[in-house]
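As a plain string of letters, each chain reads:
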Amino acid sequence: KLPDLGISLEVFTAGNGKGYGLRTNFPISKGSFVIEYVGEVLTMSEVELRRKKHGEEGNYVLTLNEFLVRRNEQNQEKTGIVESIHIDAREIGNSSRFINHSCDPNLEL
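Here the structure is a predicted model, which is why all the values come from computation and not from measurement.

## So, the packing of aromatic side chains
Point 1. All told, the structure shown has 2 aromatic pairs when counted by the stated rule.
Point 2. Each ring, one from Tyr60 and one from Phe98, has its centre 5.7 Å from the other, and the planes form 80°; the classification is edge-to-face. Taken together, the residues Tyr60 in the loop between helix 1 (44–54) and strand 4 (61–71) and Phe98 in the segment after strand 5 (78–88) connect sequence positions 38 residues apart.
Point 3. Note on Phe98: relative accessible area 9%, which makes it buried.

Set out below in structure tokens:
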């Protein structure tokens, strides 16, 4: 369980057809934990099915890529691979899905 950091967040309508955003009414120190991104972990094929189903409306899939170096035990040769995890906050999520829905974002992973 994460500690309650006392950060009050508000989902708001950004206007001009831009959808929703997430804001707070006080400064947050650089490097502070704000909120955990919550959602369903999907395979890439599930992501593609949901994109076809919903189009670009309400796409809340966050994809994280990790570059891993593996060493072959026999010849010690190193190979690099990228592993991805896809998290969809559309149905099972929290207000974190509205972070950085901005033309001028001020919060990042």
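## Structural notes on the pattern of salt bridges
Close approach of charged atoms allows side chains of opposite charge to pair.
Point 1. In total, this model carries 6 salt bridges according to the counting rule given.
Point 2. The salt bridge involving Glu91 is made with Arg90; its shortest N-O contact spans 3.7 Å.
Point 3. The class of Glu91 is exposed, set by a relative accessible area of 59%.
Point 4. Judged by relative accessible area, Arg90 falls into the partly exposed class, the value being 25%.

## Structural notes on the pairing of strand 4
Point 1. Looking at chain direction, strand 4 and strand 5 are connected through 11 bridges and run antiparallel. The residue bridging Phe67 from the neighbouring strand is Val82, located in strand 5.
Point 2. Counted between consecutive antiparallel strands, the loop separating strand 4 from strand 5 contains 6 residues, among which Gln76 sits at a positive phi close to 60°.

## Here's the deal with the confidence of the model for the chain
Point 1. Mean pLDDT over the chain works out to 83, with 89% of the residues at or above the 70 mark.
Point 2. The lowest-confidence element of the chain is strand 2 (residues 20–23), averaging 84 in pLDDT; the highest-confidence one is strand 3 (residues 40–42), averaging 95.

So, how was this worked out
- Per chain, residue numbering runs from 1 following the sequence as it is written.
- Reporting in this predicted model follows two pLDDT cut-offs: at least 70 for local features of residues, and 80 or more for side-chain atom pairs to be given and counted; totals over whole chains, interfaces and linings ignore these cut-offs and use all residues.
- Each side-chain value is worked out from all heavy atoms of the structure, with water and hydrogens disregarded.
- Each pair of aromatic rings taken from Phe, Tyr and Trp, with Trp reduced to its six-membered ring, is defined by centres within 6.5 Å and is described as stacked if the planes are under 30 degrees apart, edge-to-face if over 60, and tilted in the remaining cases.
- Starting at the N terminus, helices and strands are each numbered in turn, a helix being any DSSP run of H or I of at least four residues and a strand any DSSP run of E of at least two.
- Burial classes: relative accessible area under 20% of the type maximum marks a residue as buried, over 50% as exposed, and values in between as partly exposed (1.4 Å probe, protein chains only).
- Every case where a carboxyl oxygen of Asp or Glu lies within 4 Å of a side-chain nitrogen of Lys or Arg is listed as a salt bridge.
- Paired strands, in this sense, are two strands between which DSSP finds at least two bridges.
- A residue's pLDDT is the confidence the predictor assigns to it, expressed on a 0 to 100 scale.

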